[in-house]
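This is what each chain is made of:
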Amino acid sequence: MRIERIDVIHTNIPMNQTFRTSFGAINEQHSIVVKVYGEGHTAFGEACPFYAPVYSYECIETMKAVIRGFIAPAIIGKSLNGIEDYYRAVDFIKGNNHAKAAVETALWDLESKMRGLPLWKLVGGTDPAVEVGVSIGIQPSVDALLKKIEDYLAEGYRRIKIKIEPGKDIDTVSKVRKAFPDISLMVDANSSYRLKDSETLARLDEHHLLMMEQPLAEDDIIDHGKLQSAISTPICLDESIHTPDDARKAIELGSCKIINIKYGRVGGLLNSVRIHDICMKNGIGNWAGGMIETGIGQRFKIALSTLPNFKYAADIETSDRFLVEDLVTPDIAHVKGMLDANTEYRVDEIKLNKYTEDVTICRA
Ligand code: OSB
Ligand code: MG
């Protein structure tokens, strides 16, 4: 495929509810949407590591700089022999996986249009019925959290994920478990604990959680191994896994039993599939994590979730979840916690323009 032009579009959509984690609260969804032009088509990709570098070292401004300065010049006007060739072309750039993924996903979208194949088939999916879970931010009180869980369960979500942090953990989880004894429940700590907190975290074992996501720091895969031997709740790594080789090392060290695959964090869909394959071979489960993408990015999470080793419900945000308006039609919507990967979504360019903060046009 030959790319003639790349638009790097910074969007900012107001959110209808605050999302609070251990790394702060957000009320605006900032994203980098990439529009590629080539082969007589236009196609869209997206990645959004937050406006500030709080989830990862990348942020919206670093993505713009890296795409404009290095990724676009490496591929515009050149013939790319598929997505693997894109990885070779940008391999000289260290890290910056969200920037790479924003462009990479646009190339998959382009390939899907060129070949007339839905994304889920293109990535090698096997089952288009996708299970959807919900990730609930830290709430002002346990009662507020219980109410939210009740509402989301009534909407049909298949799995509830709650955020924990030191001081808002044991008591919160035991109250949730008491109110909802049988639901599929997991916690995400977003790196807010250290190995010295093992005893506290072990107290969660009795609540038969589906998994505990990223309890320790991003660079602590050795300590995650020690923690996993001390607790029975399966550890799921999120922030720690950036590459297929990270996945291999975490598996070798016994640092986790599950890996949350976020296509942005790992540089795109091809690396997501590679991590999936490594995990499947080693009996490590996967599921698609989210970064509160617009519908443009949700399409890629839906496609990945059709792969056979995506065994747990995905963090897919329906269009009404956080955004006052989404950028695709139809809206992303689940029915009783299920989505059909065959649904085709069109990017609504009028809404895209409405929420655009700035655009950088890259050409040869
Ligand atoms: O840690 O999984 C996370 C959202 C933004 C940044 C990090 C995380 C999240 C989520 C997913 O928890 C939110 C969602 O998909 O609804
Ligand atoms: Mg997480």
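In case you missed it, the structure is sitting above this.
Throughout, a residue's number is its position along its own chain's written sequence, starting from 1. Going through the entries in the order they are written, you letter the chains from A and number the ligands from 1. Only residues with pLDDT of at least 70 are given local features in this predicted model, and only at 80 or more are side-chain atom pairs given and counted; all residues enter the totals for whole chains, interfaces and linings. Computation of side-chain values: all heavy atoms of the structure, hydrogens and water removed.

Asks: Teacher, can you tell me more about the layout of surface pockets here?
Replies: A probe as big as a water molecule, rolled over the atoms, marks out the empty space that is left. In this analysis the probe radius is 1.4 Å and the grid spacing 1 Å, with only protein atoms considered; a cavity is a set of points the probe fits into but cannot get out of, a pocket is an open set with protein on both sides within 12 Å along at least five of seven lines, and lining residues have an atom within 4 Å of a point. Grid points are joined across faces, edges and corners, and a volume is the space filled by probe spheres set on the points. If you add up the space inside the largest pocket, you get close to 460 Å³. Every residue lining the largest pocket is counted, 20 residues in all, and those nearest its centre are D109, S112, R299, E344 and Y345. Secondary structure is summarised from DSSP: a helix means a run of H or I of at least four residues, a strand means a run of E of at least two, and numbering begins at the N terminus for each. For the lining of the largest pocket, the secondary structure elements donating two or more residues are α3 (97-115), α4 (119-122), α11 (295-304) and β14 (346-347). Domain segmentation is taken from an automatic or database assignment of domains. Residue contributions to the lining of the largest pocket reach at least three from each of two domains, namely domain 1 (3-116 + 350-363) and domain 2 (121-347).

Asks: What am I meant to see in the site of ligand 1 here?
Replies: We call a residue near a molecule or strand whenever a single non-hydrogen atom of that residue lies within 4 Å of it. With respect to spatial proximity, 18 residues lie near ligand 1, and among them S135, K163, N190, K262 and E317 are the closest. Contacts described as polar in this section are N or O atom pairs within 3.5 Å, which, within protein, must combine one atom able to donate a hydrogen with one able to accept it, while residues neighboring in sequence count only if both atoms come from side chains. A distance of 2.6 Å is found between an oxygen atom of ligand 1 and a side-chain nitrogen or oxygen belonging to N190. Each accessible area value is a Shrake-Rupley result obtained with a 1.4 Å probe; residue values ignore everything except the protein chains displayed when judging cover. Burial of ligand 1 by the protein chains amounts to 100% of its free accessible area of 390 Å². Polarity classes work like this: nonpolar for Ala, Val, Leu, Ile, Met, Phe, Trp, Tyr, Cys and Pro, charged for Asp, Glu, Lys and Arg, and polar for all others, with Gly in that last group. When the residues that make up the shell around ligand 1 are grouped by side-chain class, the tally is six nonpolar, three polar and nine charged.

Asks: Quick question: what am I supposed to make of the coordination of the magnesium ion (ligand 2) here?
Replies: Under perfect tetrahedral coordination by four donors, a metal shows angles of 109.5 degrees; under perfect octahedral coordination by six donors, it shows angles of 90 or 180 degrees. Distances up to 2.8 Å from the metal define which N, O and S atoms are donors, and 3.2 Å serves for Na, K and Ca; water is absent from the atom set, so sites may look incomplete. Surrounding the magnesium ion (ligand 2) are the protein donor atoms D188 (OD), E213 (OE) and D238 (OD), which sit 2.1 to 2.3 Å from the metal. Within one chain, the residues donating to the magnesium ion (ligand 2) are spaced in sequence as D-x24-E-x24-D. Of this pair, E213 sits in strand β7 (residues 212-213) while D238 is found in the loop between β8 (235-237) and α9 (244-253), placing the two residues 25 residues apart along the sequence.

Asks: Just to check I follow, could you spell out the packing of aromatic side chains for this structure?
Replies: For any pair of aromatic rings, the description rests on two quantities: the centre-to-centre distance and the angle between the ring planes. Side-chain rings of Phe, Tyr and Trp, where Trp is taken by its six-membered ring, are said to pair if the distance between their centres is within 6.5 Å; with planes under 30 degrees apart they count as stacked, over 60 as edge-to-face, and otherwise as tilted. Applying the stated rule across the entire model yields six aromatic pairs. Aromatic side chains F19 and F322 sit 5.3 Å apart centroid to centroid with 75° between the ring planes, which places their arrangement in the edge-to-face category. In this pair, F19 sits in strand β1 (residues 3-21) while F322 sits in helix α12 (residues 319-322), placing the two residues 303 residues apart along the sequence. Here F19 and F322 have matching classes, each one buried. Ring centres of Y86 and Y87 lie 6.1 Å apart, and the angle between their planes is 85°; on these two criteria the pair is classed as edge-to-face. Here's how the labels work: a residue is buried when its accessible area is under 20% of the maximum for its type, exposed when over 50%, partly exposed in between, all with a 1.4 Å probe on protein chains only. What makes Y86 buried here is its relative accessible area of 0%. An aromatic cluster is present here, built from F23, F50 and Y55 joined pairwise through their rings. Put simply, a charge is over a ring when the Lys NZ or the Arg CZ is close to the ring centre, within 6 Å, and near the line of the ring normal, within 35 degrees. Geometry around W287 places R159 over its ring, the cationic atom sitting 5.0 Å from the centre.

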